[in-house]
Amino acid sequence: MITRARATALLVWLFLGALAALSVLAVLPPSARGVDAPPDEFSAQRAFADVEAVGSTVHPHGTAANDEVRDHLVERLTELGLEPEVVDGVGMSGRLGDQSRVAATQNVVATLPGTDPTKPLILMAHYDSAEVSHGGNDDGAGVATILETVRALAEGPALRNDVVVVLTDAEEACLCGAEAFVDADPRGADGGVVLNLEARGSAGPAIMFETSDGNADLVDAYATVPYPVGSSLAVEVYRILPNDTDFSPFLDDPAGRFTGLNTAYIDGSATYHAPQDTPERMSLASLQHHGANALALVRTLGDDDLTALATPSSTDATYFPLPGGVLARYPGWLVWPLALLALGAVAALAVVMGRRRDDDGARLAGPGRLALGFAAGLLPIVGAVLGSMGLWWLMVAVRPGYGEMLDPWQPWGFRVALLGIVALVVTGWFVGLRRRLGTPALVIGALGWLAVLGVVLAALTPGGSYLAALPALAGGVAGLVAVFAQSETARAVVVTVGAAVGVLVLAPVVLLFFPALGLATGAAPAVVAVLLGMALVPVLAVTLPLAGRAGGWLVGACGVLAVGAFGVGLAVDSFDAEHPEPTKLAYALDADDGTAWWVTDEADPSDWTAQYADSRTDLSGTFPMFHDDVWAGPAETADLPAPSVEVVSDETAGDERTLTLRVRPGDGEIGTAGALRYIELNSADITDQVLTASVAGRDVPVADDGVLDTRFYAPGADGFEAVVTVPAGDDLQLRVVSAGGGLDGLPGFDGRPDGIGVAGSHTSELVLVETTVVL
């Protein structure tokens, strides 16, 4: 027989489960629209034709295949009624410390004119692929989204503002196409608002993950899209990470001319930069999400006053998704008041509960017990972090190939296992300690840590404070009301309402954090999941009876979920020809003495890679791009051409010697990929007195210690010009390294068997030839 208490508990958990499901569904991509969709709407199926054109071949910057993609884009924009230009430029990125990266670029730029322009709206994606990738998603998705958006815009009234389409070159190499636009393209001279479209994977929702500073007004505009998915926490996290996209040069503009938003879908990361990033692996639902939001946002901003929006707002907004296509948001100045209110509400609840007495007059939770409960509240957080680390360790122990991946090919079994571990930690903590410390102490411990983290995050990452502060505030207020409730049912209803805030705020972020940081760094989604668990502790307190075996059954069920899901993950995900184990291997030749090595930067070489590179070796003195402790092994010497350096002019004026150099690749191919990736000039440990340098007309940075480290991507047969200044009377000594790609045909390379693949990495299939010159 179901008692009233059990019926109430069942209804409470069904309600919270349904709310969690609605919250998760709110951030999933919509169904793809077919070719029969209304002409003024975005259709993923229509856009997919351009994905197939862009992603049909591997096409890194500087290759003939990339030229063909560019020609296709010019043709498509012309068909859409625009007048595209191929803009030659030289871009440079200095975001890697003292190393500079330079490339000659060919952006495709076109303008959809507005009726009464304020500032331009810049719609941007890159058309080149990574070195071994087809680029079907990255960034065929962004390019196709822009083309279909332009087509749909033509079916409606003209916009007020100019929409400048910028399809950039050399993003994967160095963000150089975008930097060239910022540096020299007249269409960006007066600044504007930038919308960058990316993909880091093959599936998942299109997340607005990065903004310019002072984003409040732009976030208000983004909130008008039909399927808004974004969190101010994501912006804070991305600002900390070392990752970059074409959006970065616009943020780096010293004149501060640009504001904007950056959007990408990021699940299915096993395909990222890998040969498997092909059109057929794309989720059309993700493409639809990308495009439906992009089209709506272009229409909103295209008719807005971009003169105001191109200027940063006075504050960043805090924002997060809610069911029903709502993006909740509030101004940044509310972060601290809400965090302090949450701390105050939980402290007030602790005081009230500390004064409560049972029927015998004994305190339910004295100060000492409450303090112990708060101290114990740290255990679930630590346990979730350790559990996530243990899960990844076990996954790599069973399948070592996972060690080179952010996520497995099919990660959902393991993700559910991690959620099971978090649930096991939280329920085990609650059930194990409630008899010793009491339920009130554990409730205060859980809500207290949420409140403290809300304050900590307000100080360190303000956009993420809401994750802890809002659930703590709701839980604290609900607890205060529940203390004075007249019945158990009323108490259950009140704490459920408080916990519902935690579900709404935290459940979508758990889902979004899984692909964002992957199981390799599963501590992050585990911590967010444990925060959700702690927000639910008051509900556990009123629905889980102290007597009986319910607590033990609940803990056991969580353990069974974790173990069962792990087993499902292993059964569903495996390495095969379609989902190969990723491996990295490079070949490095010192042309001066004929010594050659196989090299890998795998953390722990796989069995296949270890056939070639099986010992720690310091190659940094010859090949500066390798750190001083890579895995390497001896290789046969291949007949590969070395780069050359010709002195065009050598002039001394006063105490400076200026050399103008022509740097050329050698005759013949380096590797079998058919294109030279870059030539690097590096003076480390040879010449530490370089004063100034320029490459292809762009001034490049020189380290404070006088070391030059620069790369020029995809040089043609004529190479590039470099100008280097050293003190008068000094020799200029340089290591010059040509980098190509493709290991097939190199002596001693036997190829990869089925089930062994190429990792999505800029060092995969790399072939290097180094020589030292003294000038």
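Refer to the preceding data block for the structure.
Remember, it's a predicted structure, so these values are computed and weren't measured experimentally.

### What about the state of the cysteines?
According to the stated counting rule, one finds one disulfide in the structure shown. Residue pairing for Cys174: its cysteine sulfur links by disulfide to Cys176, the two sulfurs lying 2.0 Å apart. One quick way to see it: the torsion about the S-S bond of Cys174 and Cys176 is about -130°, and its sign makes the bridge left-handed.

### Here we look at the sheet that holds strand β16 (residues 656–664)
Strand pairing within a sheet occurs via backbone hydrogen bonds; the two strands may be parallel or antiparallel. Pairing within the open sheet is antiparallel, and its five strands lie in the order β15-β16-β21-β18-β19. Single-partner strands in this sheet number two, and they are β15 (644–653) and β19 (698–700). Along the sheet, successive strands turn relative to each other by an average axial angle of 20°, direction set aside.

### A short note on the side chain of Ser100
Turning to its location among the elements, Ser100 is positioned in strand β2 (residues 99–112). When neighbours within four sequence positions are excluded, Ser100 is seen to be in contact with Met92, Ser93, Val700, Pro701, Asp709, Thr710 and Arg711.

### Re helix α2 (residues 44–54)
Turning to α2, its buried residues number three or more, namely Ala44, Arg46, Ala47, Phe48, Asp50, Val51 and Val54. On its buried side, α2 packs onto α3 (64–79), α4 (140–153) and α10 (284–302).

### What to know about the packing of helix α12 (residues 335–355) against helix α16 (residues 439–460)
α16 packs onto α12 with a crossing angle of 160° between their chain directions and a minimal axis gap of 9 Å. Taken together, the axis directions place α12 and α16 in an arrangement best described as roughly antiparallel. The handedness of the crossing between α12 and α16 comes out as left-handed. Facing Val335, Trp336, Ala339, Ala342, Leu343, Val346, Leu349, Ala350 and Met353 of α12, the residues of α16 in contact are Pro440, Ile444, Leu447, Gly448, Ala451, Val452, Gly454, Val455, Ala458 and Ala459. Split by residue class, the contact of α12 with α16 holds 17 nonpolar, two polar and no charged.

### Quick notes on the pairing of strand β8 (residues 317–322)
Judged by how many residues are buried, β8 sits mostly within the fold: five of six residues are covered. Where β8 and strand β9 (residues 326–331) come together, six bridges link them in antiparallel fashion. Counterpart to Pro321 in the pairing with β9 is Leu327. In this structure, the hairpin formed by β8 and β9 is closed by a connection of three residues, where Gly324 is found at a positive phi of approximately 90°.

### Focus on unusual backbone geometry
That bond from Asp138 to Asp139 is cis: its omega, 10°, falls within 30 degrees of zero. A positive phi angle, close to 65°, is found at His273, a residue other than glycine. By the secondary structure assignment, His273 is in the loop between β7 (258–267) and α10. You can call His273 buried: its relative accessible area is 8%. Of note in the backbone geometry, Ala714 takes a positive phi value of approximately 50° without being a glycine.

### Observations regarding the nonpolar core
With 89 residues, the main nonpolar core has Leu391, Met395, Trp429, Leu450, Tyr466 and Leu519 as its most contacted residues. Take this core: its biggest share by element is 13 residues, from helix α18 (residues 488–517). Residue contacts for Leu450: discarding those within four places in its chain leaves Ala468, Ala469, Pro471, Ala472, Leu531, Met534 and Ala535. Residues Leu167, Val193, Leu197 and Ile266 belong to the second largest nonpolar core, which totals 67 residues.

### Thoughts on the pairing of β15
Where β15 meets β16, nine bridges bridge the pair, whose relative direction is antiparallel. Directly across from Ser649, in β16, lies its bridge partner Thr660. Counted between consecutive antiparallel strands, the loop separating β15 from β16 contains two residues, among which Gly654 sits at a positive phi close to 65°.

### Digging into a negative patch on the surface
On the surface, Asp98, Asp685, Asp688, Asp704 and Asp705 cluster together into a patch of negative charge. Here Asp705 is to be found in the loop between β19 and β20 (709–713).

### Examining the packing of aromatic side chains
For the structure on display, the rule yields 19 aromatic pairs. With a centroid separation of 5.2 Å and 65° between ring planes, the pair formed by Tyr587 and Trp598 is classed as edge-to-face. A residue pair is termed long-range when its members are at least 10 positions apart, and Tyr587 in strand β11 (residues 586–590) and Trp598 in strand β12 (residues 595–600) qualify at eleven residues. The two residues Tyr587 and Trp598 agree in class, both being buried. Considering the side-chain rings of Tyr612 and Phe749, the 5.9 Å spacing of their centres and the 35° angle between planes classify their relative orientation as tilted. In this pair, Tyr612 sits in the loop between α22 (607–610) and β13 (615–617) while Phe749 sits in the loop between β22 (733–741) and β23 (756–758), placing the two residues 137 residues apart along the sequence. Residue Tyr612 is classed as buried on the basis of its relative accessible area, which comes to 9%. Chaining the aromatic ring pairs together yields one cluster made of Tyr587, Trp598, Trp608, Tyr612 and Phe749. Cation over ring: Arg415 sits above Trp412, and NZ or CZ is 4.7 Å from the ring centre. In this structure, Arg711 packs its charged tip against the face of Tyr678, placed 4.1 Å from the ring centre.

Conventions used here
Residues numbered from 1 in each chain as written. Predicted model: local features only at pLDDT ≥ 70, side-chain atom pairs only at ≥ 80, totals over all residues. Heavy atoms only, no water. Disulfide = S-S within 2.5 Å. Pairing = 2+ DSSP bridges. Helix = DSSP H or I, 4+ residues; strand = E, 2+ residues; numbered from the N terminus. Axes fitted to C-alpha atoms, helices over the stretch in contact; angles between N-to-C directions. Contact = heavy atoms within 4.5 Å. Buried < 20%, exposed > 50% of the residue type's maximum accessible area, 1.4 Å probe, protein only. Parallel < 35°, antiparallel > 145°, perpendicular 65-115°, else oblique. Left-handed = near helix turned anticlockwise from the far one by under 90°. Nonpolar A, V, L, I, M, F, W, Y, C, P; charged D, E, K, R; others polar. Core = buried A, V, L, I, M, F, W, Y, C linked by side-chain atoms within 4.5 Å. Patch = residues over 30% accessible without salt bridge, like charges linked within 9 Å, V, L, I, M, F, W, Y side chains within 5 Å. Areas by Shrake-Rupley, 256 points an atom, 1.4 Å probe, with all protein chains shown as cover. Salt bridge = Lys/Arg side-chain N within 4 Å of Asp/Glu carboxyl O. Lys, Arg positive; Asp, Glu negative; His and termini not counted. Charge placed at Lys NZ, Arg CZ, Asp CG, Glu CD. Phe/Tyr/Trp six-rings, centres within 6.5 Å; stacked < 30°, edge-to-face > 60°. Lys NZ or Arg CZ within 6 Å of the ring centre and 35° of its normal.

Without other data, these values stay purely geometric and don't point to any function.
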